[in-house]
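Structural features, examined
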Amino acid sequence: MLTIQNLEVVYNNVIWVLKGVSMEVPVGGMICLLGSNGAGKSTTLKAISGVLNLQWGAITGGFVEFEGERLNNKSPQDIAQAGIIQCFEGRRLFKHLTTEENLRMGGYLLSSNAAMRSRLDMVYNYFPRLADMTHRISGYLSGGEQQMLVIGRALMAKPKIMLLDEPSLGLAPLMTKSIFTAIQKINKEEKVAFLLVEQNTKAALSITDYGFVMENGRTVMDGPSAKLRDNEDVKEFYLGLSQVGTKKSFKDTKFYKRRKRWLA
Amino acid sequence: MTLIIQAILDGICIGAIYGLGAMGLVVIQKSSGVFNIAQGMFMMFGGFIAANLTLNLGMPMWLGTIVSMGAMAVIGMILNFLIMRPLAGEPPFTQLMATIGMLSIMYGLVMVIWGTDPYIYPSEIIPIADLKFLGLHLSPSYVNGFIIALIACLVLSEYYRRSKEGTAMRATSEDEELAASVGIKVTKVLKLTWSIGAACSTLAGVLFGMLGSVNYMLGEIGLMAIMPVLVFGGLESFLGALLAGFIVGVVNMIVGVYWEGSFPGITAVVPLIIMLLILIVKPYGLFGEERIERI
């Protein structure tokens, strides 16, 4: 459904951020994008949803294709219309608007009041907490509630694929769990594909089917999530499991037992 | 005693007009985040265009007002397209300087096109007779001003609060990038904003002109009275602009009645003094939006 081939992105004409990213998201798939900070994960999402030129970035090579159509130079409004919705990093909301107004803005492209009403009911079904605070100014909600609102707002627009940028940022473990459960429910029931960028590798690999690992602007590894979880390199670099089961001694302290050979 | 009540009544009427003028700027501030210092010029320009239409072309007053509102809406859109849009990502100070530039140019243009002589409108928009009761006297231009300004204020604020487009305008002012990613056409919203803001101020300018005459001093009213009204009502609030307008109008009238004789010109300074006092207590204005920050 969504294909990215050899994508290259440059910011401000000088900063070369993505150096050849390729990935694919099938219909209804749950894909995760892993990597440490600065790998280019958010930039990949922004390239898909078209907001790059609002941040002085540009796609200089490769393409993004969605259902057969190239999205390279389209405006973010057209891409949202096509069904790709991004939830930005850091719980970005319209802070001075109320919860319900935020959701209504999410449904800006819906054609009728009835459609708006039914989508609103659906979102409140998935996130009952939001129904209790429809008229509260969204800037004053707690972190978990704001994240629910962000996902709900994305859901309002009848997305075919949702790009989630670090949904678990700054949330308590229980709240993270409930958000991820909601994401899985939405994926199954509404048939919405998810491209999940996460730092919380363990949680991300547990709910997704397929994963891509990015380092320094390139995809360096991909595979089904179960295989990634058992991969020795991923275990050491991202899951913090090295020499599991053996007794460690301080004498053997060395930062990388394996050389990171992906960084060429 | 009747003097004070008369002053209060007149003040409320003028206050509604101040509020309407300030609302034009609130509209622009709300959705593009630009503090448009040239707003007073929209008032003046609009007032003069209406004067031209009604006096030279003989249009009835209500038609002349509507046509001049339309003309100023178009001019507002053009100004946004030519001047403000290319400065979109620049720091707010740069955008402010651009509006100051617009102010100077428009001021000069008014003098060049229409000269410094005052024009007097041929009639009021709603023709009614003088109201005399209980020893008080309300002239038709004041009543006109009050009714029309109030209706315009209510219509505008309801539009912003309830309608989808109004909420979209508030969302755009908050975060343009997020608005774009939700599907809101940001350039369309900004064009609409500048036209509504300009049309609003034009109506205020015409209503002011009806009270006395249309002359180049209208621009002064714009700067000296409407800016303070706006600032202490809260830059993003319609209700605040209206209330602030009432306060300034009433206080201005009372001060004018008692002290204009002994301190000539004090009425011009009163709005600024009120603004200072209120800002000391409430820095964001009476109804302004406080910045929401997570600490």
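Starting afresh in each chain, residues are numbered from 1 along the sequence in its written order. The lettering of chains begins at A and the numbering of ligands begins at 1, in the order of writing. Totals for whole chains, interfaces and linings use all residues, but because this is a predicted model, local features are given only for residues with pLDDT of at least 70 and pairs of side-chain atoms are given and counted only at 80 or more.

A separate point is the overall build of chain A. Segments assigned H or I by DSSP are reported as helices when at least four residues long, segments assigned E as strands when at least two residues long, and all are numbered from the N terminus. Counting its regular elements, chain A contains ten helices and ten strands. Throughout, the radius of gyration refers to the C-alpha atoms, and the reference size of a globule is 2.2 Å times the residue count to the power 0.38. Compactness check: chain A gives a C-alpha radius of gyration of 19 Å against a globular reference of 18 Å for 264 residues, within 12% of the reference. With the principal axes as the frame, chain A shows a C-alpha extent of 65 × 40 × 30 Å. Three classes are used. A residue is buried when 20 or more other C-beta atoms lie within 10 Å of its own, exposed when 12 or fewer do, and partly exposed in between, with C-beta atoms placed from the backbone. With 264 residues in all, chain A has 43% of them scored as buried.

With that out of the way, let us pick up the overall build of chain B. The helix and strand tally for chain B stands at eleven helices and two strands. Shown N-terminal to C-terminal, the secondary structure of chain B runs as helices and strands in the order α-α-α-α-β-β-α-α-α-α-α-α-α. For a compact globule of 295 residues, the expected C-alpha radius of gyration is about 19 Å, and chain B comes in at 19 Å, within 12% of that figure. C-alpha atoms of chain B, sized along the principal axes, occupy 60 × 50 × 35 Å. Counting the 295 residues in chain B, one finds 49% classified as buried.

Here the focus is the pairing of strand 1 (residues 2–11) of chain A. A regular strand carries its side chains on alternate faces of the sheet. All names here are of chain A. Two strands pair when backbone bridges link them, and strand 1 and strand 4 (residues 57–66) are joined in this way by eight bridges, in the antiparallel orientation. Looking at strand 4, one finds that Tyr 11 is bridged to Gly 57. Strand pairing is defined by DSSP finding a minimum of two bridges between the two strands. Hairpin geometry of strand 1 and strand 2 (residues 15–25) is characterised by an intervening segment of three residues between the two adjacent antiparallel strands and by a positive phi of about 55° at Asn 12.

So, on to the nonpolar core. A general feature of soluble globular proteins is that nonpolar side chains tend to end up buried together. Phe 194 of chain A together with Leu 20, Ala 22, Met 23, Cys 200 and Leu 230 of chain B are the most contacted members of the largest nonpolar core, which has 161 residues in total. Looking at which element gives the most residues to this core, the answer is helix 8 (residues 186–211) of chain B, with 15 residues. Two residues qualify as being in contact provided that their C-beta atoms, derived from the backbone, are within 7 Å of each other. If we ignore the near neighbours within four places in the chain, the residues touching Ala 22 of chain B are Ile 226, Val 229, Leu 230, Gly 233, Ala 241, Ala 244 and Gly 245 of chain B. Remark: nonpolar core denotes a set of buried Ala, Val, Leu, Ile, Met, Phe, Trp, Tyr and Cys residues whose joining runs through C-beta atoms within 7 Å.

Moving on, we come to the interface of chain A and chain B. Counting residues at the interface gives 23 residues for chain A and 17 residues for chain B. Counting residues per element, the ones that place at least two in the side of chain A that touches chain B are helix 2 (76–82) and helix 3 (99–106) of chain A. In terms of residue class, the side of chain A that touches chain B is made up of twelve nonpolar, seven polar and four charged. Residues were grouped as follows: Ala, Val, Leu, Ile, Met, Phe, Trp, Tyr, Cys and Pro as nonpolar; Asp, Glu, Lys and Arg as charged; and all remaining residues, including Gly, as polar.

All names here are of chain B. Among the secondary structure elements, Val 255 is positioned in helix 10 (residues 238–259). On the neighbour-count criterion, Val 255 (19 C-beta atoms within 10 Å) is partly exposed. Residues Val 255 and Thr 2, 253 residues apart in the sequence, show an inter-C-alpha distance of 15 Å. If we ignore the near neighbours within four places in the chain, the residues touching Val 255 are Ile 266, Thr 267 and Val 270.

What follows concerns helix 6 (residues 143–156) of chain A. All names here are of chain A. For a helix, the expected span equals 1.5 Å multiplied by the residue count minus one. For helix 6, which comprises 14 residues, the first-to-last C-alpha distance of 20 Å matches the rise-based estimate of 20 Å (1.5 Å per residue) to within 8%. Burial within helix 6 is extensive, with twelve of its 14 residues counted as buried. For helix 6, the complete set of buried residues consists of Glu 145, Gln 146, Gln 147, Met 148, Leu 149, Val 150, Ile 151, Gly 152, Arg 153, Ala 154, Leu 155 and Met 156. Residues of helix 6 that are buried sit in contact with strand 6 (84–87), helix 3, helix 4 (113–126), helix 5 (128–131), strand 7 (161–165) and helix 7 (173–189). Lys 158 lies just past helix 6 and shows a positive phi near 55°.

The subject of this paragraph is the sheet that holds strand 5 (residues 69–70) of chain A. Overall, antiparallel pairing links the four strands, which are arranged 2-1-4-5 (chain A) in an open sheet. For this open sheet the edge positions go to strand 2 and strand 5 of chain A, each flanked by a neighbour on one side alone.

Bringing the sheet that holds strand 9 (residues 210–215) of chain A into the picture now. All names here are of chain A. Pairing within the open sheet is mixed, and its six strands lie in the order 6-7-8-3-9-10. Every interior strand has two partners, whereas the edge strands, strand 6 and strand 10 (218–224), have only one. Averaged over all pairs of adjacent strands, the angle between strand axes in this sheet comes to 15°, irrespective of strand direction. Two elements, strand 6 and strand 7, share four bridges in a ladder whose sense is parallel. Of the residues in strand 7, the one forming a bridge with Ile 84 is Ile 161. To obtain an axis, a line is fitted to C-alpha atoms, over the contacting stretch when the element is a helix, and the angle between two such axes runs from 0 to 180 degrees between their N-to-C directions.

Residue and element names in this part refer to chain A. Here four bridges tie strand 3 (residues 30–34) to strand 9, and the two strands are oriented parallel to one another. Paired with Leu 34 across the strands is Val 213, a residue of strand 9. Sheet analysis places strand 9 next to strand 10, joined by six bridges and oriented antiparallel. Bridge pairing links Gly 211 to Gly 223 in strand 10. With antiparallel pairing between neighbouring strands as the criterion, strand 9 and strand 10 make up a hairpin whose turn holds two residues, including Asn 216 at a positive phi of roughly 50°.

What follows concerns the environment of Leu 55 of chain B. Residues and elements named next belong to chain B. When you line up the elements, Leu 55 lands in helix 2 (residues 39–56). Its 15 C-beta neighbours within 10 Å are what place Leu 55 among the partly exposed residues. Distance from Leu 55 to Ala 168, taken between C-alpha atoms, is 40 Å for residues 113 residues apart in sequence. The residues contacting Leu 55, other than those within four sequence positions of it, are Tyr 119 and Pro 122.

Here we take up the packing of helix 6 of chain A against helix 7 of chain A. Residue and element names in this part refer to chain A. As a packed pair, helix 6 and helix 7 sit with axes 10 Å apart at the nearest point and diverge in direction by 15°. It follows that helix 6 is roughly parallel to helix 7 by the angle criterion. Crossing angle aside, the handedness with which helix 6 passes helix 7 is right-handed. Side by side, helix 6 and helix 7 meet where Gly 144, Gln 147, Met 148, Ile 151 and Leu 155 of the first sit next to Met 175, Ile 179, Ala 182 and Ile 186 of the second. Its residues assigned to classes, the contact of helix 6 with helix 7 shows seven nonpolar, two polar and no charged. Any angle that falls under 35 degrees is termed roughly parallel, while one over 145 is termed roughly antiparallel, one within 65 to 115 roughly perpendicular, and all others oblique. Crossing handedness is read from the near helix: turned anticlockwise from the far helix by less than a right angle, it gives a left-handed crossing, and turned clockwise, a right-handed one.

All names here are of chain B. What pLDDT reports is the predictor's confidence in each residue, on a scale of 0 through 100. A residue-level look at chain B finds 97% of positions with pLDDT of 70 or above and a mean pLDDT of 82. Element-level mean pLDDT values for chain B span from 73 in strand 1 (residues 131–133) up to 88 in helix 7 (residues 176–182). Scoring the predicted complex yields pTM 0.83 and, for the interface, ipTM 0.84.

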